[in-house]
Amino acid sequence: MDQDTDGARVGLLATQALLLSGDDVRIEVDVAPGAWLDVVETTGTVAYEGEAPSSWTVDATVGDGAILTWAGKPFVVSDKIATHRHTRIRLHGTGRALMQEKIVLGRAGQLGGDLSMSLEASDDTGPLQVESLDLGQQARQMPGILGNLRSMDTVTALGWKPEPTGEPEAGTTGPGETYFPLDRSGAALRWMGIGRFRDQLCDATFTAWHEEAMRDYRHRHTTQHQRHAQEETGLGEVDRDSAAHAVAAMGGRPRAGTCGTP
């Protein structure tokens, strides 16, 4: 969808119906050191009913100085299906990741089948976030789980700890929104609601955190390019000062064929 010399925005498009009963979808992502990748889901995904369980797995590796951003569309769990979503993210060095997952239990007029979700995120030091959610029909009726809620939106930042962008007026978007700062470099914002997807907080938060992450990425990337250029030319601080004095002595403009040194 878009690209430059360091990365690309890629649309994720299914070429046939999924997630059908028995489907096992696996997506592997490898963002090279210093690169950026923005994954865009063009449509939502429906886990259709059937006897055989289905699964959706994302396995991502983000190199040093790289960034992965992924805004998911709604993942709808139909009645009479057991499906599993698993996300594994490994960060190296100063790599960062920003992920959004939208869950809807049941199509129109349905309660939704059995859903289990897991997230394993780590960096070079160790685990950043490990989460396992059992959202099966029986489990989500237990106290403190989901009850009659049908929608959940989660934005997860890994590799840095952004602050929430704001808090809406109570009750305007759903029963609850919660900001979770992780123990180390990361944060998560989670919204839960009833019925159709009316979340007004997580989309805005993803956009704000995405802009923040890309701004920091471009700043670091520009600094690294400048440093590498200086190392390749051998032009250090003293040399730059000398060159500036030489240019000033020549009236502020270097002459063709000169090397710009005293």
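Our subject is the structure that appears above.
Described below are features of the structure shown in this document. (Residues numbered from 1 in each chain as written. Predicted model: local features only at pLDDT ≥ 70, side-chain atom pairs only at ≥ 80, totals over all residues. Heavy atoms only, no water.)

## A short note on the nonpolar core
Point 1. Judged by nonpolar contacts, the single largest core of 37 residues is most densely connected at Val29, Leu68, Phe75, Ile89, Leu115 and Leu158.
Point 2. Those residues within four positions of valine 29 in sequence are excluded, and the remaining contacts are Leu37, Asp59, Ala60, Thr61, Leu68 and Trp70.
Point 3. Core analysis: the next-biggest nonpolar cluster, separate from the first, contains 16 residues, Val155, Leu201, Trp209 and Ala213 among them. (Core = buried A, V, L, I, M, F, W, Y, C linked by side-chain atoms within 4.5 Å. Buried < 20%, exposed > 50% of the residue type's maximum accessible area, 1.4 Å probe, protein only. Contact = heavy atoms within 4.5 Å.)

## Observations regarding the sheet that holds strand E11 (residues 127-135)
Point 1. With mixed pairing, five strands are arranged side by side in an open sheet as E3-E6-E8-E10-E11. Bordering the open sheet on either side are strand E3 (24-31) and E11, each of which pairs with just one other strand. Taken over all neighbouring pairs, the strand axes of this sheet differ in orientation by 5° on average, direction set aside.
Point 2. Pairing between strand E8 (residues 82-91) and strand E10 (residues 114-122): nine bridges, direction parallel. Following the sheet pairing, histidine 86 is matched in E10 by serine 118. (Pairing = 2+ DSSP bridges. Helix = DSSP H or I, 4+ residues; strand = E, 2+ residues; numbered from the N terminus. Axes fitted to C-alpha atoms, helices over the stretch in contact; angles between N-to-C directions.)

## Focus: the environment of aspartate 123
Point 1. On the secondary structure map, aspartate 123 appears in the loop between E10 and E11.
Point 2. Along the backbone, aspartate 123 and valine 62 are 61 residues apart, and their C-alpha atoms lie at a distance of 9.3 Å.
Point 3. Ignoring any residue separated from it by four or fewer positions in sequence, one finds aspartate 123 in contact with Leu91, Leu128, Arg184 and Ser185.
Point 4. One polar contact links aspartate 123 to arginine 184, side chain to side chain, over a distance of 2.9 Å. (Polar contact = N/O pair within 3.5 Å; in protein donor to acceptor, adjacent residues only side chain to side chain.)

## Structural notes on the pairing of strand E14 (residues 186-193)
Point 1. The element E14 is extensively covered by neighbouring structure, given that seven of its eight residues are classed as buried.
Point 2. Relative to E14, strand E12 (residues 151-158) runs antiparallel, the two sharing eight bridges. Residue threonine 154 lies in a different strand from E14, and its bridge partner there is arginine 190.

## Some details on the pattern of salt bridges
Point 1. Applying the stated rule across the entire model yields 11 salt bridges.
Point 2. Across the pair aspartate 24 and arginine 26 runs a salt bridge whose closest N-O atoms are separated by 3.1 Å.
Point 3. Its salt-bridge partner being arginine 190, residue glutamate 131 comes within 3.0 Å of it at the nearest N-O pair. Linking glutamate 131 in strand E11 with arginine 190 in strand E14, this pair joins segments that are 59 residues apart in sequence.
Point 4. Salt bridges linked by common partners bring Asp2, Arg9 and Asp38 together as one network. (Salt bridge = Lys/Arg side-chain N within 4 Å of Asp/Glu carboxyl O.)

## Observations concerning the environment of aspartate 38
Point 1. Along the chain, the position of aspartate 38 falls in strand E4 (residues 36-41).
Point 2. Its relative accessible area of 8% is what places aspartate 38 among the buried residues.
Point 3. Between the C-alpha atoms of aspartate 38 and arginine 9, which are 29 residues apart in sequence, the distance is 4.6 Å.
Point 4. Excluding its chain neighbours within four sequence positions, the residues that come into contact with aspartate 38 are Ala8, Arg9, Val10, Thr69, Trp70 and His210.
Point 5. Polar contacts involving the side chain of aspartate 38 include one to the side chain of arginine 9, which spans 2.8 Å.
Point 6. A polar side-chain atom of aspartate 38 sits 2.8 Å from a polar atom in the side chain of threonine 69.

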